[in-house]
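# Coordinates in review
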Amino acid sequence: MTSAVSAPTATSSPATGLVCRACGAEYPLIAQHACYECFGPLEVAYDQAALARVTREQIEAGPQNIWRYAGLLPAGQDPATRVTLDPGLTPLVSAPALAAAVGLRAPLWVKDDSANPTHSFKDRVVSVALTAARGLGFTRFACASTGNLANSVAAHAARAGAPSIVFIPSDLEQGKVITTAVYGGELVAIEGSYDDVNRLCGELVETDEFEDTAFVNVNVRPFYAEGSKTLGYEVAEQLGWRIPAQVVIPMASGELLTKVDKAFSELVEAGLVEAPEGGWKVFGAQSAGCNPIATALQAGTDEIVPVKPTGIAKSLNIGDPAAGAYAIEAVRRTGGWMDYADDDEIRAGIRLLAETTGVFAETAGGTTVAVLKKLVESGKLDPEKETVVYNTGEGLKTLDAVAEQVGPTHRIKPSLRGAREAGLLG
Ligand SMILES: *Cc1c(COP(=O)(O)O)cnc(C)c1O
Ligand SMILES: [Zn+2]
């Protein structure tokens, strides 16, 4: 940068405390994720006036990563305090061929978060969570993971020179075990489901031995969740400070979906973006093997019945989703919908996305594209309105999903004759 004038940067956090999403009880900015009064989940609250002071110019002059939105985040205003791989500003890919394939007549975009440092959107949430955690005095980093979170926590700890201990279900894809273990932290495979892993982490965090440990999605979860907002801010900025009419988002705990919606609301409230005519609609995608949020919404209830997850979309396999009720609220309020795709549809979704956009998604992305197609077919998604579909992870981590379906289209001898016999020369 050659500019002599540096943009004003907020040096203090706009966050004022934690507030219970269920009963509204207020708490200071501490490492706590559930309300003492009602056990509801806690969320970061902000000084709205501080958010409204953030300008487009300030953001645009910021770094080429999520920290350009530091004025809207609960931690990391001072660059020296960040525990980060500097994720974000991933491509927003124009996808006209995918639009045509699924029957959309308006612009369609793929927000490709596989381009993050550890190849999933989890780098966003981990950067914010660990930066907040270090500020709160934690020295060891941990998580309960369905795969991508494990990659990201282990890599962030390695970069920061801090110890990490990551907990995963023992049946995770090899591509996610290796891409975690390589960073050198402790990696604990648990003989159980993600929900078992998460429950154990909730118990460990209460022990003296783990007093120094921040579990990104347990005791510092409110900060973690805020990192997902950057997936909303970025899409709006990349569209030239506009909010798309429709977004389709994969759901595990349902947190990402609620935070993209929150990000859009904040941008409007802060005067950074005008709401689109008719507002925006939020759509959620799950797999048929783990669809407790989508089935509750479709049944017209808020009552989420936990399931035992099955199926290939392992990164989305949370059977007892912490933010499920809030995801349902956001989808109902905005007039969106939720649906789910089975394993064959997910494989087809991966291939369709790859063949039409050059983006190779993991199973979560295949799920979202498959659900996009269903939503157009069922008339829930308006084919005449601009739509963004989120790809949250990288296909190279879940190669097995499509390994049996794709391969060489020809096998020939190394000669012109071989090429001719295979029909390559007409
Ligand atoms: C974790 C994850 C999600 C969903 O995150 P939630 O906020 O728990 O709903 C989506 N896609 C991928 C690839 C993930 O790893
Ligand atoms: Zn409460």
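Computed from a predicted model, the values in this text were never measured in an experiment. (Residues numbered from 1 in each chain as written. Chains lettered and ligands numbered in written order. Predicted model: local features only at pLDDT ≥ 70, side-chain atom pairs only at ≥ 80, totals over all residues. Heavy atoms only, no water.)

## Considering the site of ligand 1
- Within the structure, ligand 1 sits among 15 residues, and Lys-122, Ala-252, Ser-253, Leu-256 and Thr-392 are positioned closest to it.
- For ligand 1, an oxygen atom lies 2.7 Å from a polar atom in the side chain of Lys-122.
- At a separation of 2.9 Å, an oxygen atom of ligand 1 approaches a polar backbone atom of Ala-252.
- For ligand 1, the accessible surface in isolation is 390 Å², of which the surrounding protein chains cover 98%.
- In terms of residue class, the shell around ligand 1 is built from seven nonpolar, five polar and three charged. (Near = heavy atom within 4 Å. Polar contact = N/O pair within 3.5 Å; in protein donor to acceptor, adjacent residues only side chain to side chain. Areas by Shrake-Rupley, 256 points an atom, 1.4 Å probe, with all protein chains shown as cover. Nonpolar A, V, L, I, M, F, W, Y, C, P; charged D, E, K, R; others polar.)

## What to know about the packing of helix 4 (residues 122-135) against helix 5 (residues 148-160)
- Where helix 4 meets helix 5, the closest approach of the two axes is 9 Å, and the angle between their N-to-C directions is 45°. By the angle class used here, helix 4 and helix 5 are oblique. As for how helix 4 packs across helix 5, the hand of that crossing is right-handed. Within the contact between the two elements, helix 4 uses Lys-122, Asp-123, Val-125, Val-126, Ser-127 and Leu-130 and helix 5 uses Asn-148, Leu-149, Ser-152, Val-153 and His-156.
- Partitioned by chemical class, the residues of the contact of helix 4 with helix 5 number five nonpolar, four polar and two charged. (Axes fitted to C-alpha atoms, helices over the stretch in contact; angles between N-to-C directions. Helix = DSSP H or I, 4+ residues; strand = E, 2+ residues; numbered from the N terminus. Parallel < 35°, antiparallel > 145°, perpendicular 65-115°, else oblique. Left-handed = near helix turned anticlockwise from the far one by under 90°. Contact = heavy atoms within 4.5 Å.)

## Some thoughts on the nonpolar core
- Core analysis: the biggest nonpolar cluster contains 74 residues, and Phe-141, Met-338 and Tyr-390 have the highest contact counts within it.
- With residues up to four places along the chain from it excluded, the contact list for Tyr-390 reads Lys-111, Leu-231, Gly-232, Val-235, Val-247, Val-248, Ile-249, Pro-250, Val-260, Phe-264 and Thr-368.
- One finds Val-205, Ala-285, Leu-352 and Val-371 within the second-largest nonpolar core, a separate group that totals 46 residues. (Core = buried A, V, L, I, M, F, W, Y, C linked by side-chain atoms within 4.5 Å. Buried < 20%, exposed > 50% of the residue type's maximum accessible area, 1.4 Å probe, protein only.)

## Notes on the coordination of the zinc ion (ligand 2)
- For the zinc ion (ligand 2), the full set of protein donor atoms is Cys-20 (SG), Cys-23 (SG), Cys-35 (SG) and Cys-38 (SG), and the range of their distances to it is 2.3 to 2.4 Å.
- Mapped onto the polypeptide sequence, the residues donating to the zinc ion (ligand 2) form the spacing pattern C-x2-C-x11-C-x2-C. Of the two residues, Cys-20 sits in strand 1 (residues 15-20) while Cys-38 sits in the loop between strand 2 (26-27) and strand 3 (42-46), which places them 18 residues apart along the sequence. (Donors = N, O, S within 2.8 Å, 3.2 Å for Na, K, Ca; no water.)

## Quick word on the environment of Thr-368
- Position of Thr-368 relative to the elements: it lies in helix 14 (residues 363-377).
- According to the relative accessible area criterion, Thr-368 is buried, its value standing at 0%.
- Separated by 119 residues in sequence, Thr-368 and Ile-249 place their C-alpha atoms 6.5 Å apart.

## Details of the domain arrangement of the protein chain
- If you check the domain split of the protein chain, you get domain 1 (15-83 + 122-224) and domain 2 (92-117 + 229-401).
- On the domain 2 side, the residues contacting the 32 residues of domain 1 number 36 residues.
- Counting the surface lost from both domain 1 and domain 2, the interface buries some 3000 Å², and carbon and sulfur atoms represent 48% of this.
- Counting across the domain 1 and domain 2 interface gives eight salt bridges.
- Between Arg-68 and Glu-237 there is a salt bridge, and its shortest N-O distance comes to 2.6 Å.
- On inspection of domain 1 and its partner domain 2, the count reaches 23 residue pairs in polar contact (both at pLDDT 80 or more).
- Taken together, the elements giving at least two residues each to the side of domain 1 that touches domain 2 come down to strand 3, helix 1 (48-52), helix 2 (56-60), helix 4, helix 5, helix 6 (174-181) and helix 7 (194-204).
- For the side of domain 1 that touches domain 2, the class distribution of residues is 13 nonpolar, seven polar and twelve charged. (Domains from an automatic or database assignment. Buried area = accessible area lost by both parts, 1.4 Å probe. Salt bridge = Lys/Arg side-chain N within 4 Å of Asp/Glu carboxyl O.)

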